[in-house]
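The residues making up each chain are set out below.
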Amino acid sequence: MGTGLARAAAAELDVHDPLARWVDGFVVERPAEIYFDGNSLGRLSHRTRARVEAAVAGWGTDLVQGWREWIDLPTDVGDRIGRAVLGASSGQTVVCDCTTVNLFKLAGAAVAAGRPRSTIVTDGANFPTDRYVLAGLADTHRLDLRLIERVDPEAVTDALDDSVALVALSHVDYRSGAIADVAGITAAVHRCGALVLWDLSHSAGALEIELDAWDVDLAVGCSYKYLNGGPGAPAWLYVNRRHHEVLAPPIWGWFAQADQFAMGPEFRPDTGIRRWLTGTPPILGIAAVDESVAMIEEAGIRAIRAKGSALTTYAAELAAAWLEPLGFDCPAVATRGSHLALVHPDAYRLSCALIAEAGVVADFREPDILRIGLSPLMTRFVDVWDGFDRIRALTERCAWERYDVTRGRVT
Ligand SMILES: *Cc1c(COP(=O)(O)O)cnc(C)c1O
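The structure displayed is predicted, hence computed values, not measured ones.

S.K.: I'd like a rundown of the sheet that holds strand β7 (residues 218–221), residues and numbers included.
M.R.: Pairing in this open sheet of seven strands is mixed, and the strands run β2-β8-β7-β6-β5-β3-β4 from one edge to the other. Two strands in the sheet have a free side with no partner beyond their single neighbour: β2 (93–95) and β4 (144–148). Going across the sheet, the axis of each strand differs from the next one's by a mean of 20°, ignoring polarity. Sheet topology places strand β5 (residues 164–170) next to strand β6 (residues 195–199); five bridges connect them, and they run parallel. Paired with Leu169 across the two strands is Trp198, which belongs to β6.

Here it is as C-alpha cells:
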C-alpha cells in the first residue's frame with residue numbers, strides 16, 4: 001500500500017477539509033458504524049431535531065392561530081431551496097406532496113398543454129417511480145411512452161420529433177451516479193418545441209444546479225436524501241416563471257385557489273407557484289426541511305459539491321486499489337454525483353454481511369450494485385477509508401457466503 005492509500009492520508013484530507021466542522025452537527029448514535037447511505041436518507045442534524053421539537057411545541061401553544069405563520073411556509077421554504085441549491089429565483093419553487101405526486105402533477109400539466117402532441121420520452125433506466133408515473137399518464141391519456149437507452153444530448157435528439165410533448169429525465173442516475181448534461185439536453189428539447197421535466201432527487205443538495213440559467217421548464221425532487229429533511233419529508237417542485245399562467249394543475253385543491261379563504265364556488269387557481277399546492281401542507285415536515293436546507297445554505301453548495309467530488313474520487317481510488325482485485329468493478333462515468341456504484345455478483349449478500357458484521361451501511365440496488373453514498377456534510381475521508389477497509393476485509397474472508405440470497409422486504 002502506497003502512502004497515498006494509508007489511513008493517515010485520509011486523516012490529512014480531513015484536517016484540510018473546510019467543511020469538517022459540519023460533521024459534528026449531525027446525530028451519531030453508533031460512532032463505530034460507517035454510514036454510506038446519506039443519499040437514501042440523510043442523517044438527522046442536532047439543529048433539525050431542535051427545530052422539529054420547537055415546531056411541535058408551537059402546535060401545542062398556537063393551535064389554529066399558528067396558521068397565520070404556517071400558511072407561507074411552503075413558498076418560503078421553496079424559495080430557500082431555490083436560492084440555496086437550485087439556482088432558482090424566488091417564486092418558482094414550492095414544498096409540497098411527495099416527489100411521485102409532484103411528477104404526476106407537472107407531467108400531467110405538460111402533456112395536457114402539449115396537445116395534440118402525444119409522446120412522452122424518458123430513460124428506460126430512470127428511477128422506478130418516474131417510469132411508473134409516466135407510464136400511468138400515457139395509459140390514462142392514450143399517449144406513447146418512448147424509452148431511450150442513454151441520457152445524453154445525442155440520444156435525446158434522436159428520440160425527438162414533433163409528436164413529443166414532454167421529455168422527463170433524472171439529473172443523476174440513481175444506480176451508476178452518472179450526471180446528465182441538463183443544459184445541453186434542455187436546449188435540444190426546446191429546439192423541437194417540447195417541455196422538459198428534470199428529477200433532481202439525487203442531485204439537489206449535492207451538486208451545483210442552475211435551473212434558471214439552464215432554462216429548465218419543470219423540476220421535482222425529494223427532501224430526504226442530500227437535503228436531510230427526514231423520512232417522508234415533503235418534496236418540492238419548480239415551475240419556470242414563463243409557464244405560470246399557462247400550465248394548469250391537474251389536482252384542483254383548495255390550497256391552490258387564488259382567494260383560498262373566500263371558499264368560492266369555482267376553482268380559480270393562484271397565478272403564481274401556489275397553484276401547485278393541493279391540500280393542507282405538512283408543517284412539521286416542512287419545518288425540518290427548512291432547518292436542514294438552512295445548514296446547506298450556510299455551508300454553501302459550491303463547497304459541498306467540491307467535497308463530494310473529492311470524496312467520490314478518493315473512494316474510486318480505494319476501490320481500484322483494494323476492491324477490483326477482489327472481483328468488484330467500479331464502472332467509470334464521465335462525471336459522477338455524490339455516490340458511486342461497486343458492482344459485484346454477490347452485492348446483495350455483501351450488503352447484508354456488511355451491515356451485520358462490519359457496521360457498514362450501504363444500499364444494494366438490483367441486480368448487482370453495492371451503492372456507496374458519500375453525503376458531503378456528514379462524511380469524513382477517514383469514514384471512506386474505514387468503510388472500504390472493512391469491505392475489503394469482509395470480502396477477503398468471503399463472509400457474505402453465509403447469507404441468504406432471498407431479498408428482504410426493503411433493500
Ligand atoms: C428518491 C427518488 C424519488 C422518490 O420519490 P418519492 O415520491 O419521494 O418516494 C423519485 N425519483 C428519484 C429520481 C429518486 O431518486
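That covers the picture; the talk isn't over yet.
S.K.: Report on the nonpolar core, specifying residues and quantitative values.
M.R.: One finds Ile81, Val85, Leu86, Val167, Trp198, Leu200 and Trp236 to be the most contacted residues of the largest nonpolar core, which totals 49 residues. Broken down by element, this core gets its largest block of residues, seven residues, from helix α9 (residues 283–299). Ignoring anything within four residues of it in the chain, the contact list for Val167 reads Val121, Val156, Leu160, Val189, Leu195, Val196 and Leu197.

S.K.: Can you lay out the sheet that holds strand β12 (residues 369–373) for me, pointing to particular residues and giving the numbers?
M.R.: Strand order in this open sheet of three strands is β9-β12-β11, and the pairing throughout is antiparallel. One side of each edge strand has no neighbouring strand; the edge strands of this open sheet are β9 (339–343) and β11 (363–365). Neighbour to neighbour, the strand axes of the sheet diverge by 35° on average, direction disregarded. By the bridge criterion, five bridges tie β9 to β12 in an arrangement that is antiparallel. In the sheet register, Val343 faces β12, and the bridge partner there is Ile369. The strands touched by helix α11 (residues 347–358) within the sheet are β11 and β12, with β12 carrying the most contacts at an inclination of about 45°.

S.K.: Run through the site of the ligand, naming residues and quoting values.
M.R.: Near the ligand, the surroundings consist of Cys98, Thr99, Thr100, Phe127, Thr129, Asp130, Ser170, Asp199, Ser201, His202, Tyr224 and Lys225. A distance of 3.4 Å separates an oxygen atom of the ligand from a polar atom in the backbone of Thr99. At a separation of 2.7 Å, a nitrogen atom of the ligand approaches a polar side-chain atom of Asp199. When the ligand sits alone it has 390 Å² of accessible area, and the protein chains cover 87% of it. Secondary-structure elements contributing two or more residues to the shell around the ligand are α5 (99–113) and α6 (128–141). For the shell around the ligand, the residue count by class is three nonpolar, six polar and three charged.

S.K.: Could you give an account of unusual backbone geometry, naming the residues involved and the relevant values?
M.R.: With omega at 5°, the peptide bond leading from Arg115 into Pro116 counts as cis. For Pro116, the position within the fold is in the loop between α5 and β3 (119–123). The omega torsion across Glu366 and Pro367 is -5°, close enough to zero to call that bond cis. Within the secondary structure, Pro367 is located in the loop between β11 and β12. For Leu63, which is not glycine, the phi dihedral falls at a positive 45°. Positive phi values are uncommon outside glycine, yet Asp97 reaches one of about 50°. Relative to the helices and strands, Asp97 is located in the loop between β2 and α5.

Conventions we followed
- Residues numbered from 1 in each chain as written.
- Predicted model: local features only at pLDDT ≥ 70, side-chain atom pairs only at ≥ 80, totals over all residues.
- Heavy atoms only, no water.
- Pairing = 2+ DSSP bridges.
- Helix = DSSP H or I, 4+ residues; strand = E, 2+ residues; numbered from the N terminus.
- Axes fitted to C-alpha atoms, helices over the stretch in contact; angles between N-to-C directions.
- Core = buried A, V, L, I, M, F, W, Y, C linked by side-chain atoms within 4.5 Å.
- Buried < 20%, exposed > 50% of the residue type's maximum accessible area, 1.4 Å probe, protein only.
- Contact = heavy atoms within 4.5 Å.
- Near = heavy atom within 4 Å.
- Polar contact = N/O pair within 3.5 Å; in protein donor to acceptor, adjacent residues only side chain to side chain.
- Areas by Shrake-Rupley, 256 points an atom, 1.4 Å probe, with all protein chains shown as cover.
- Nonpolar A, V, L, I, M, F, W, Y, C, P; charged D, E, K, R; others polar.

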